[in-house]
Amino acid sequence: MITVYCYSKCSTCRKALQWLEENHIEHEVVDIKTDHPDEAKLRKFHAVSGLPLKRFFNTSGIQYRELQLSKKLPDMDEDEQFRLLASDGMLVKRPLLVGKDFVLTGFRQPEWEAAVKPQ
């Protein structure tokens, strides 16, 4: 079973969930705002994904801009970045697709198709 961390008001999340439904892919939806991943999960997701940690940040989000993270992140060490991501689900790039052996940030259909291989 795959898990999708989403925010219900996010149009990209809605599009991703619609794609999963249309392709009959079983999934569990977790509200990233109220039940966001903790630091341990984020560290695991990061390790599995093989992505740079910056890709886990919602760079278009309000909190990202208000905290001026584009200026601050380069000077933060990885531990500080993980703590920050774990502090607020709205800082995490969404949707966050988590499977047994993959983690994807954002909805890019070709990447999702390759990861979940719809029927």
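Residues numbered from 1 in each chain as written. Predicted model: local features only at pLDDT ≥ 70, side-chain atom pairs only at ≥ 80, totals over all residues. Heavy atoms only, no water.

Visitor: Please clarify how unusual backbone geometry should be interpreted in this entry.
Guide: Both trends apply: most residues other than glycine have a negative phi, and most peptide bonds are in trans. Residue P95 follows R94 across a cis peptide bond; omega there is -10°. Take P95: it is sitting in the loop between α5 (78–87) and β3 (96–98). Phi is positive for Q68, close to 50°, though the residue is something other than glycine. Tracing the chain through its elements places Q68 in the loop between α3 (62–66) and α4 (69–72). The exposure class of Q68 is partly exposed, given its relative accessible area of 43%. (Helix = DSSP H or I, 4+ residues; strand = E, 2+ residues; numbered from the N terminus. Buried < 20%, exposed > 50% of the residue type's maximum accessible area, 1.4 Å probe, protein only.)

Visitor: Explain α5 here, please?
Guide: Residues separated by three or four positions in an α-helix point in the same direction, a consequence of the helix having 3.6 residues per turn. For α5, the full list of buried residues reads Q81, F82, L84, L85 and A86. Buried positions along α5 lie against α2 (39–49) and α4. The opening residue of α5, the one whose side-chain oxygen lies 3.1 Å from the backbone nitrogen of D79, is D77. (Contact = heavy atoms within 4.5 Å. Polar contact = N/O pair within 3.5 Å; in protein donor to acceptor, adjacent residues only side chain to side chain.)

Visitor: Help me out: how do you make sense of the pattern of salt bridges in this one?
Guide: It is possible for side chains bearing opposite charge to pair when their charged atoms get close. Considering all chains together, one arrives at three salt bridges under this definition. In this structure, E39 engages R43 in a salt bridge whose closest nitrogen and oxygen atoms are separated by 3.0 Å. With E39 and R43 both in helix α2, this residue pair falls four residues apart, about one helical turn. For R43, a relative accessible area of 29% gives the class partly exposed. For D79, the salt bridge identified is with R43, shortest N-O distance 2.5 Å. Placement of D79 in helix α5 and of R43 in helix α2 is noted, with a sequence separation of 36 residues between them. (Salt bridge = Lys/Arg side-chain N within 4 Å of Asp/Glu carboxyl O.)

Visitor: Even after reading the chapter, I still don't get the environment of F107, so can you show me in this structure?
Guide: Tracing the backbone through its elements, the reader meets F107 in the loop between β4 (103–105) and α6 (109–116). A C-alpha to C-alpha distance of 6.8 Å links F107 and T12, two positions 95 residues apart in sequence. Residues in contact with F107, not counting those within four places in the same chain, are T12, K15, A16, W19, P95 and W112.

So yeah, pure geometry; function would need other evidence.
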